[in-house]
There are 2 protein chains.
Amino acid sequence: MLRLGPLAAAGRLLPAGPRLGPPRPSGGRVRLSRSRPPGPVGDRGLLARQVRAAAGSAGGGRSPALKTPKGTRDHPPAHVALRDRLLAAVVTCFKRHGAAAIDTPVLELRETLTGKYGEDTKLIYELQDQGGELLALRYDLTVPFARYLAMNKVTNMKRYHVAKVYRRDNPATTRGRYREFYQCDFDIAGQFDPMIPDAECLKIVHEILSDLQLGDFIIKVNDRRILNGVFAVCGIPESKFITTCSTVDKLDKMPWEEVRSEMVGEKGLSPEAADHIGEYVQLHGGLDLIEQLLQDPKLSQNKLAKEGLGDMKLLFEYLTLFGITGKISFDLSLARGLDYYTGVIFEAVLLQPENDHVEEPVSVGSVAGGGRYDELVGMFDPKGRKVPCVGVSIGIERIFSILEQRVKAEMLYKKDPKLLKQLQYCEDTGIPFAAIIGEQELTDGVVKLRDVATREEVDIPREKLVDEIRRRLEP
Amino acid sequence: MLRLGPLAAAGRLLPAGPRLGPPRPSGGRVRLSRSRPPGPVGDRGLLARQVRAAAGSAGGGRSPALKTPKGTRDHPPAHVALRDRLLAAVVTCFKRHGAAAIDTPVLELRETLTGKYGEDTKLIYELQDQGGELLALRYDLTVPFARYLAMNKVTNMKRYHVAKVYRRDNPATTRGRYREFYQCDFDIAGQFDPMIPDAECLKIVHEILSDLQLGDFIIKVNDRRILNGVFAVCGIPESKFITTCSTVDKLDKMPWEEVRSEMVGEKGLSPEAADHIGEYVQLHGGLDLIEQLLQDPKLSQNKLAKEGLGDMKLLFEYLTLFGITGKISFDLSLARGLDYYTGVIFEAVLLQPENDHVEEPVSVGSVAGGGRYDELVGMFDPKGRKVPCVGVSIGIERIFSILEQRVKAEMLYKKDPKLLKQLQYCEDTGIPFAAIIGEQELTDGVVKLRDVATREEVDIPREKLVDEIRRRLEP
């Protein structure tokens, strides 16, 4: 698999001006040409003055800060086009599995979101109290879905929802972690035979990550009941299950020793209990591990763990039928941060290839995650009626970051830029290739690929451009 | 044109359960059947207790209010499907005219939005100060576009943007006015020959409203420079231009007498000045009116008005070439509320048919609007560099409300509902028709249309269903 750092490759993938440059405002039925001068014409300055005056204190002469809010970004046309293709692939898979789309407001009542996200509650964006209801921006699409089901008394639904969510998280934009980002959720609500909907969710993750050709991946699977069973047999009091869960969840980012010291130091577990937990949560495997734990003298005595392990075995049987166990790992370190999970949980991560010739490797962490939340709808229903649910969320923004870095391309935001100037820019900044699309290339269905260093140019059929660039960039 | 009030017609347009009912969570590769009981199983109640406990004060036993925020709504699958079709039609038109999509965050810095919307500034949703930047939800897509152009130093772009905007307005949901709603914006940035981009925007509105077959419509056109010229020759001081503009803008909702008394009472104009304005702003027409005003002894002496009238004449010449002047009205009462317009402004309204057999007529007001804003980008640029812009926004939510009401359909949100129960519901609530889609109808590509009163059933080819229902509902 090929990964490219910034500026390691530059193709100019969109047909634009007469040669390159930004999209021209011509086309359609109206031909546009330039001639009107910009700036104040006649008495127009008057309006500008009025507008400025109306701006009040913030606009008084000073230009406003020219940026998007922290952790957010604009998407130029090339981004939107790539993202739309990604979303279309995901939605096609969701539809193939029989889901229908719903949409819910970006705003929710604050109380709808309260008490659903554990320690992450502090990351919720709250709106100013401007009179009326207290509002917040949605943190995910799962809680709004549960609210929707309860409100409309829907007990049975397979739905997908593609929309933006908001988290006041520490942004790590190079890793694709933003404060505003798309989620693509697929959920199954209703009572069905055990583990069949859960297996379908895993099948969907497998299909999407395979379709998108992101390279090797693994889907970690665990069950909250198994984790709680482990905590119980290790002598952790019930009141500390959720907080212990949060600490275990950090095992993918820090070594066991650090996790252990957080357990003992911050969370107040005994060193013996922490060591005992450590023996379990460092295990991962497949059906063999499930069988082994079912024979575990302590764990097999715990009702919750036994139930979880029984379901996990059943899940693996379905996954075997689907032929996807090769990418599934039963991993006792997987905990998932959110409060609302009650059963199976899972998370897909991309694997770095062993032979990775990348200057700046893209480390995006998890690209999909989900699980079973059988109690969430009941928290909204006035009579506490439950609707068992299981679902998965595809982290399209992180996938986008990978694809974006893999063949990184840019174009000059300059009207009708001179070709020579553009090539000069490539030489100055170390961009190795320029893709040139003019009238002739458009007609011929090709792209002229220029090696910036040698100045050799060759016509490449459009559909082969990306492969050709990748081939040339191989070490 | 046919308009139907709520429950005047009911087709069940989506294939659903075995007969009707909500979408079944089966399909795809996994067959799902029911058997697991809902509710706490084994020790699961433990998790529920933990989750509840974590909910803290808001979740302490009490169920949260089960609603979406005021002025917002959920969209069930049938809504989303209809809306997606509408959006696709609009986007196809935008692309046909050569525009590329961008996306910007829902959140903007508060100062980005300050001083751009005049009296409407109070309708902006502000986020709580949770440390860091002061943020607000975007009020429209125009100001973010201007910010985008200035930030990226783009001087030349034809872009479209389809996204939700937020206004703390008084919601009027039956008229399709919500606090969260989609806008579909098309804008042309750059310096071009006068009135050609402006004419293209009007052409686009004409194409979209014609394509969607919403019935008769008119596009009102005016120019801020003409209005300001009128105010000047009527002796209004420059400092009162914007506030007078806001009052004139109400002429579509209240009679001249009321507008006049607001001018004199609240805005402090002299009765003579108000009467003088009244003579102008009640005029509307076409090229003839433009010629008449160009001969007007006072107005022709005002530089601003003369410039606006000259451009208006040129605009009408282009619109004549496009063959769309039949739907365009030069209307001096059109003012548009927003501060940032500097030249041509326009607004499309649907016309109620004279012979309207509707119980609850849908009054949606304007369905598209826009204009020229040559100063807005300069307000963001640190050096005040201007980029002339003109654009249009299609009010897809209001159009959706019309289409929704026109053939209003509903379905029972009940799993596998008995057909008899559904027909009983139709009789009880006065729904005249039921559309039935079962296995056989799916195979045959037909829909069984049942007259609820007579109980007659007839198979209709699917693509003819809507026409057939409309035909039967005609008086």
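In this text, all values refer to a predicted model and were calculated from it rather than measured experimentally. (Residues numbered from 1 in each chain as written. Chains lettered and ligands numbered in written order. Predicted model: local features only at pLDDT ≥ 70, side-chain atom pairs only at ≥ 80, totals over all residues. Heavy atoms only, no water.)

1. Focus: the overall build of chain A
Each helix and strand in chain A was counted, giving 17 helices and 14 strands. In chain A, buried positions account for 57% of the 475 residues. Taking contacts inside chain A between residues at least 6 apart in sequence as the whole, the part at least 24 apart equals 69%. Counting every atom, chain A has about 18800 Å² of accessible surface; 50% of that belongs to carbon and sulfur. (Helix = DSSP H or I, 4+ residues; strand = E, 2+ residues; numbered from the N terminus. Buried < 20%, exposed > 50% of the residue type's maximum accessible area, 1.4 Å probe, protein only. Contact = heavy atoms within 4.5 Å. Areas by Shrake-Rupley, 256 points an atom, 1.4 Å probe, with all protein chains shown as cover.)

2. Details of the side chain of Asn-222 of chain A
Residue and element names in this part refer to chain A. Take Asn-222: it is sitting in strand E6 (residues 217-223). Judged by relative accessible area, which is 0%, Asn-222 ranks as buried. For Asn-222, the side chain forms a polar contact with the main-chain oxygen of Leu-332, separated by 3.3 Å. One polar contact links the side chain of Asn-222 to the main-chain carbonyl oxygen of Leu-334, over a distance of 2.8 Å. Not counting the four nearest positions on each side in its chain, Asn-222 is found in contact with Leu-227, Met-312, Phe-330, Asp-331, Leu-332, Ser-333, Leu-334, Gly-343, Val-344 and Ile-345. (Polar contact = N/O pair within 3.5 Å; in protein donor to acceptor, adjacent residues only side chain to side chain.)

3. Structural notes on the pairing of strand E8 (residues 328-331) of chain A
Residue and element names in this part refer to chain A. With burial as the criterion, each face of E8 is covered, one bearing Ile-328 and Phe-330 and the other bearing Ser-329 and Asp-331. Looking at chain direction, E6 and E8 are connected through three bridges and run parallel. Bridge pairing in E8 places Val-221 opposite Phe-330. Taken together, the two bridges between strand E7 (residues 284-285) and E8 define a ladder with antiparallel strand orientation. Residue pairing for E8: Gly-285 is matched across the bridge by Phe-330. (Pairing = 2+ DSSP bridges.)

4. Describing unusual backbone geometry
Residue and element names in this part refer to chain A. Look at Met-195: it is not a glycine, yet its phi comes out positive at around 75 degrees. One can find Met-195 in the loop between strand E5 (180-189) and helix H6 (196-211). For Met-195, a relative accessible area of 1% puts it in the buried group. One non-glycine residue with positive phi stands out, namely Gln-213, at about 50 degrees. Assignment of secondary structure puts Gln-213 in the loop between H6 and E6.

5. Topic: the confidence of the model for chain A
All names here are of chain A. Here chain A averages 83 in pLDDT, while 81% of its residues score no lower than 70. Note on residues 1-61: pLDDT is under 50 here. Beyond four places in sequence and across chains, it has 194 contacts. Across residues 354-363 the pLDDT falls below 50, and counting only partners more than four positions away or on other chains, this stretch makes 13 contacts in the model. Taken over the whole predicted complex, pTM reads 0.75, whereas the ipTM for its chain interfaces reads 0.74. (pLDDT = per-residue confidence, 0-100.)

6. Comments concerning the sheet that holds strand E1 (residues 100-101) of chain A
All names here are of chain A. The strand order across the open sheet formed by nine strands is E1-E4-E5-E11-E10-E9-E6-E8-E7, and the pairing between neighbours is mixed. Whereas interior strands pair on both sides, the edge strands pair on one side only; in this sheet they are E1 and E7. As paired strands, strand E4 (residues 157-166) and E5 are joined by ten bridges and run antiparallel to one another. Bridge pairing in E5 links His-161 to Asp-185.

7. Things to note about helix H9 (residues 256-265) of chain B
All names here are of chain B. Among the residues of H9, those classed as buried are Trp-256, Val-259, Glu-262 and Met-263. Viewed end-on, H9 has its buried residues packed into an arc of 125 degrees, placing them on one side of the element. Of the exposed residues in H9, those oriented more than 90 degrees away from the buried face are Glu-257 and Gly-265. (Arc of directions from axis to C-beta.)

8. Quick look at the environment of Leu-289 of chain A
All names here are of chain A. By secondary structure assignment, the location of Leu-289 is in helix H11 (residues 287-295). Given the relative accessible area of 4%, Leu-289 is considered buried. When the C-alpha atoms of Leu-289 and Lys-313 are compared, they prove to be 9.8 Å apart, with 24 residues separating the residues in sequence. In this structure, Leu-289 is in contact with Leu-283, His-284, Phe-330 and Leu-332, ignoring residues within four places of it in sequence.

9. Brief notes about the packing of helix H3 (residues 77-96) of chain B against helix H6 (residues 196-211) of chain B
All names here are of chain B. Across the interface, H3 lies against H6 with an axial gap of 10 Å and an inter-helix angle of 145 degrees. Relative to H6, the crossing made by H3 is right-handed. Together, Val-90, Cys-93, Phe-94 and Arg-96 of H3 and Ile-204, Glu-207, Ile-208 and Asp-211 of H6 make up the contact between the two elements. Taken together, the residues that form the contact of H3 with H6 break down as five nonpolar, no polar and three charged. (Axes fitted to C-alpha atoms, helices over the stretch in contact; angles between N-to-C directions. Left-handed = near helix turned anticlockwise from the far one by under 90°. Nonpolar A, V, L, I, M, F, W, Y, C, P; charged D, E, K, R; others polar.)

10. Here we look at the packing of aromatic side chains
Overall, the coordinates contain 14 aromatic pairs over all chains when judged by the stated rule. Between Phe-94 of chain B and Tyr-160 of chain B the ring centres are 5.9 Å apart and the planes differ by 40 degrees, which places this aromatic pair in the tilted class. On the criterion of sequence distance, the pair formed by Phe-94 of chain B in helix H3 and Tyr-160 of chain B in strand E4 (residues 157-166) is long-range, its members being 66 residues apart. Exposure remark for Phe-94 of chain B: the relative accessible area of 0% places this residue in the buried category. Through successive ring pairs, a cluster of aromatic residues spans Tyr-117, Tyr-139, Tyr-340, Tyr-341 and Tyr-373 of chain A. (Phe/Tyr/Trp six-rings, centres within 6.5 Å; stacked < 30°, edge-to-face > 60°.)

11. Let's talk about the side chain of Glu-441 of chain B
Summarising the element assignment, Glu-441 of chain B is placed in helix H16 (residues 439-444). When its relative accessible area of 4% is taken as the criterion, Glu-441 of chain B is described as buried.

12. Quick notes on helix H7 (residues 224-233) of chain B
Residues and elements named next belong to chain B. Of all the ten residues making up H7, nine are buried; the element is thus mostly covered by neighbouring parts of the structure. Of the positions making up H7, those classed as buried are Arg-224, Arg-225, Ile-226, Leu-227, Asn-228, Gly-229, Val-230, Phe-231 and Val-233. At the C-terminal side of H7, Gly-235 shows a positive phi close to 85 degrees.

13. Describing the sheet that holds strand E13 (residues 446-451) of chain B
All names here are of chain B. With antiparallel pairing, three strands are arranged side by side in an open sheet as E12-E13-E14. Of all the strands in the sheet, just strand E12 (433-436) and strand E14 (457-461) have a single pairing partner and so form its edges. In this sheet, neighbouring strand axes are inclined to one another by 30 degrees on average, regardless of whether the strands run parallel or antiparallel. As paired elements, E13 and E14 share five bridges and run antiparallel to each other.

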